[in-house]
Amino acid sequence: MHSRRNFVASCGAIVGSAMLPGLARAAAYRQIPQRASARVIIDNDFAGDPDGLVALAHQLLTPKTRTVLVTSSALDPKLVGNVPAGNTAAAGRATAEELIRRAGIKSPPPVKAGSEVLGAAQPEASEAARAIVAEAMRDDPLPLFFTCGGPLTNLAAALRLEPKIATRMTVIWIGGGAYPAGGWEYNLSADIPAARAVIENSKVPLWQIPQDAYRQMQFSVAEMAEQLRPISPFGEWLYDKFTTPPSFVDVGGSWPLGDSPTVLLSAISQESSTHVDLAARRIKPDCTYGEEIAGRTVRVFRTLDARLTFGDFFALMRLHAKGEV
C-alpha cells in the first residue's frame, strides 16, 4: 500500500510538472508583435474640452507610437469657463501631468506649457515652442508627427523660432470649417494668426480634420458611463473630467470625442478613413476659406473610422487595467 501511494504521488507530480508549461503559457499569452513606427508630439488645450485627455491617454497607451513631448496651449478667454483666466496653458500642463501620473507611464514624456496669449502677431518663444524645436531637430530614425487638438499657437511659435522644422514633421490638426466654404470653428477662431502662419506661410505637411469630419466621432453619454467609468480608477478619473462641463456647454445624448482622430491616423490606420488632397486656401477673418495658395496642398480627411478608434481605445484601457500594456 505504501509503495502504491508513493507511485500515485510520483505520477501526480509528473503530470503536474508536464502541465506547468501550458499553465505558464496561458498566464503569459503570446502577443501580436508591434513596435513604434513614429514619434509623436501631442499638443492640446488640456484645460478645455476633456476629449483631449482621452486622446492623450490613448496615444500614451498605444505601442505603435512613442510620445516624446506633450505641450499645452491656452484657451480663448471668452470660453474659459471653469479655468482661471490667464492661466489656461499652465492649468493644461498640470492636468496632462496628472493624467500621466495616474496612468503610471513608466517613461513619461516631458510636458511643457505654451504661451497664455492667443492671436499674437509674433507668438511667444515659450517653453513649449522651444521644446518642439529641440525635438524636431533631434536626429532620430522614427518620423515625427505633431498632433494638435487645439489652436496652432505653439506650432506657429516653434516655426518662427526655427523654420527648418517644417521639413522634419507631419502635422495632424483638428480644426477649421468644412470645405470648401469654411466658417467658424473653435480651434481656428481661437488663434487665426497662428493658423495663417502654419497654413499660409509654411510648407509643413498638414493633415487637416475639419469640423464636419471630427464631429463624426460621437460617443454616447450612456456608453461613457457604462464603459469608461468602470474600467479602472484611471478610467473613472477620465470619466469624471466630463462631469463638470463649462457653463456654456449643453450636453446632449452624446459627447464628440473629436480629438481622437489624431491617434487613429498616427498610430492605428489611415486606410479605413478617406481623404482628399486639396489646394490650401487663405483664411479670412471670419474663418471662411479664401483664395487658393499656389503650390501649397493640404490633406483633408472626409470620413473617419470611429469604430476602429474607440474599439482600440477601450481595449487598450482594459489591457492597461490588467497591467498588460
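Our subject is the structure listed above.
Attention in this report is confined to the structure presented alongside it. (Residues numbered from 1 in each chain as written. Predicted model: local features only at pLDDT ≥ 70, side-chain atom pairs only at ≥ 80, totals over all residues. Heavy atoms only, no water.)

## Notes on the pattern of salt bridges
Taken as a whole and assessed by the stated rule, the structure comprises eleven salt bridges. Put simply, Glu135 and Arg39 hold a salt bridge, and the shortest N to O gap is 2.6 Å. Separated by 96 residues along the polypeptide, Glu135 in helix α4 (residues 127–137) and Arg39 in strand β1 (residues 38–44) bring together distant segments of the chain. In this pair, the class of Glu135 matches that of Arg39, namely buried. Taking the shortest distance from any N to any O, the salt bridge between Arg66 and Asp140 comes out at 3.1 Å. Of this pair, Arg66 sits in strand β2 (residues 65–72) while Asp140 sits in the loop between α4 and β4 (144–148), and the two are 74 residues apart along the sequence. The exposure class assigned to Arg66 is partly exposed, which follows from its relative accessible area of 33%. Its relative accessible area of 22% is what places Asp140 among the partly exposed residues. (Salt bridge = Lys/Arg side-chain N within 4 Å of Asp/Glu carboxyl O. Helix = DSSP H or I, 4+ residues; strand = E, 2+ residues; numbered from the N terminus. Buried < 20%, exposed > 50% of the residue type's maximum accessible area, 1.4 Å probe, protein only.)

## What about a nonpolar patch on the surface?
A contiguous nonpolar surface patch, about 180 Å² in accessible area, is contributed by Val221, Val249 and Val251. For Val249, the position within the fold is in the loop between α10 (233–240) and β8 (254–256). (Patch = residues over 30% accessible without salt bridge, like charges linked within 9 Å, V, L, I, M, F, W, Y side chains within 5 Å. Areas by Shrake-Rupley, 256 points an atom, 1.4 Å probe, with all protein chains shown as cover.)

## Section: helix α7 (residues 192–199)
Along α7, the residues classified as buried are Ile192, Ala194, Ala195, Val198 and Ile199. Buried residues of α7, viewed axially, fall in a sector of 160°; they line one side. Buried-residue contacts for α7 involve α5 (153–161), β5 (170–174), α6 (186–189), β6 (206–209), β9 (274–283) and β10 (289–303). For α7, the side-chain oxygen to backbone nitrogen distance between the N-cap and Ala194 is 3.0 Å, and the N-cap itself is Asp191. (Arc of directions from axis to C-beta. Contact = heavy atoms within 4.5 Å. Polar contact = N/O pair within 3.5 Å; in protein donor to acceptor, adjacent residues only side chain to side chain.)

## Describing the sheet that holds β4
Taken together, the eight strands give an open sheet; going across it, the order is β3-β2-β1-β4-β5-β6-β10-β9, and neighbouring strands pair in mixed fashion. What marks the edges here is a single partner per strand, and that holds for β3 (111–113) and β9. Pairwise comparison of adjacent strand axes, ignoring direction, gives a mean angle of 25° for this sheet. One ladder, built from five bridges, connects β1 with β4; its direction is parallel. In the sheet register, Ile41 faces β4, and the bridge partner there is Phe146. (Pairing = 2+ DSSP bridges. Axes fitted to C-alpha atoms, helices over the stretch in contact; angles between N-to-C directions.)

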